[in-house]
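Inside the fold
The residues making up each chain are set out below.
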Amino acid sequence: MDKITRLARFAVLRASGFTGIAILMVMMGTAHDLALSFRLGAAGFFVLSFAMATAARLYPRRRRVEETEVWIMLAEAERPAKPVARMLIVDAMRQQLAQKALWWLGTALGLWAASAIIAAVRG
């Protein structure tokens, strides 16, 4: 189970990390206006957080465990029986998606607060 949790963490971080990089590129493209850059970053991370929270909520509805990234990354000798694997993988992915959704929500709130402070200072 520990290996499944680690693989689920890796899968979620990899996918959300690439989205985070895209959001950072948008922020870099608007770096001439720091408040705008932070607002766009906050909006992007809010959307990412919402998408991950939604995925966490809907993940138990997945029909085939064989199509999950965690299952594919497991060596054939490490794969448990499909009913057990479904329970373990779905639970691990749901937990990781929910946890990382909170991480990105915190990032979005921090960027939004920084944007508000910059806008207030600029007055």
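Structure: above.
Heads up: these notes are all about the structure in this document.

The rules behind the values
Every chain's residues receive numbers from 1 upward, in the order its sequence appears when written. With the structure being a predicted model, the display of local features is reserved for residues of pLDDT at least 70 and the display and counting of side-chain atom pairs for 80 or more, all residues being used for whole-chain, interface and lining totals. Excluding hydrogens and water, the side-chain values take into account all heavy atoms of the structure. Note on method: axes are straight lines fitted to C-alpha atoms, helices fitted across the in-contact stretch only, with angles between N-to-C directions ranging 0 to 180 degrees. Secondary structure elements follow DSSP: runs of H or I of four or more residues count as helices, runs of E of two or more count as strands, with numbering from the N terminus. Here is the rule for angles: anything less than 35 degrees is roughly parallel, anything more than 145 is roughly antiparallel, 65 through 115 is roughly perpendicular, and the remaining ranges are oblique. For a crossing to be left-handed, the near helix must be turned anticlockwise from the far one by less than a right angle; the clockwise case is right-handed. Three categories are distinguished: nonpolar for Ala, Val, Leu, Ile, Met, Phe, Trp, Tyr, Cys and Pro, charged for Asp, Glu, Lys and Arg, and polar for the others, with Gly belonging to the last. We define a salt bridge as a side-chain nitrogen of Lys or Arg found within 4 Å of a carboxyl oxygen belonging to Asp or Glu. For each residue, the accessible area found with a 1.4 Å probe, counting protein chains only, is set against the maximum for its type, and the residue is called buried under 20%, exposed over 50%, and partly exposed in between. We define a nonpolar core as any set of buried Ala, Val, Leu, Ile, Met, Phe, Trp, Tyr and Cys residues linked to one another through side-chain atoms lying within 4.5 Å. Contact between two residues is taken to exist if any of their heavy atoms lie within 4.5 Å; hydrogens are not considered. Helix span, expected: 1.5 Å multiplied by one less than the number of residues in the helix.

Let's talk about the packing of helix 2 (residues 34-58) against helix 4 (residues 82-122)
- Two elements in contact, helix 2 and helix 4, have axes separated by 7 Å at closest approach and are oriented at 160°. Between helix 2 and helix 4, the interaxial angle falls into the category roughly antiparallel. Here the hand of the crossing between helix 2 and helix 4 comes out left-handed.
- Class assignment for the residues of the contact of helix 2 with helix 4 results in 23 nonpolar, four polar and four charged.

Structural notes on the pattern of salt bridges
- Tallied over the entire structure, the rule returns eight salt bridges.
- With its nearest N and O atoms 2.9 Å apart, the salt bridge here joins Asp-2 to Arg-6. Taken as a pair, Asp-2 and Arg-6 lie in helix 1 (residues 2-29) at a separation of four residues, close to a single helical turn.
- Assessed through its relative accessible area of 42%, Arg-6 is described here as partly exposed.
- A salt bridge links Arg-122 to Asp-33; its shortest N-O distance comes to 3.0 Å.

Concerning the nonpolar core
- Formed by 28 residues in total, the largest nonpolar core has its most connected members in Ile-4, Phe-45, Met-52, Val-70, Ile-89 and Met-93.
- Going through the elements one at a time, helix 1, helix 2, helix 3 (69-73) and helix 4 are the ones with two or more residues in this core.
- Considering each element in turn, this core owes the most residues, eleven residues, to helix 4.
- With residues up to four places along the chain from it excluded, the contact list for Ile-4 reads Val-70, Leu-74, Pro-80, Leu-88, Ile-89 and Ala-92.

Topic: helix 2
- Over its 25 residues, helix 2 extends 36 Å from the first C-alpha to the last, a length consistent with the 36 Å expected when each residue adds 1.5 Å.
- Those residues of helix 2 that sit buried are Ala-35, Ser-37, Phe-38, Gly-41, Ala-42, Gly-44, Phe-45, Leu-48, Ser-49, Met-52 and Ala-56.
- Looking at the buried residues of helix 2, the elements they touch are helix 1 and helix 4.

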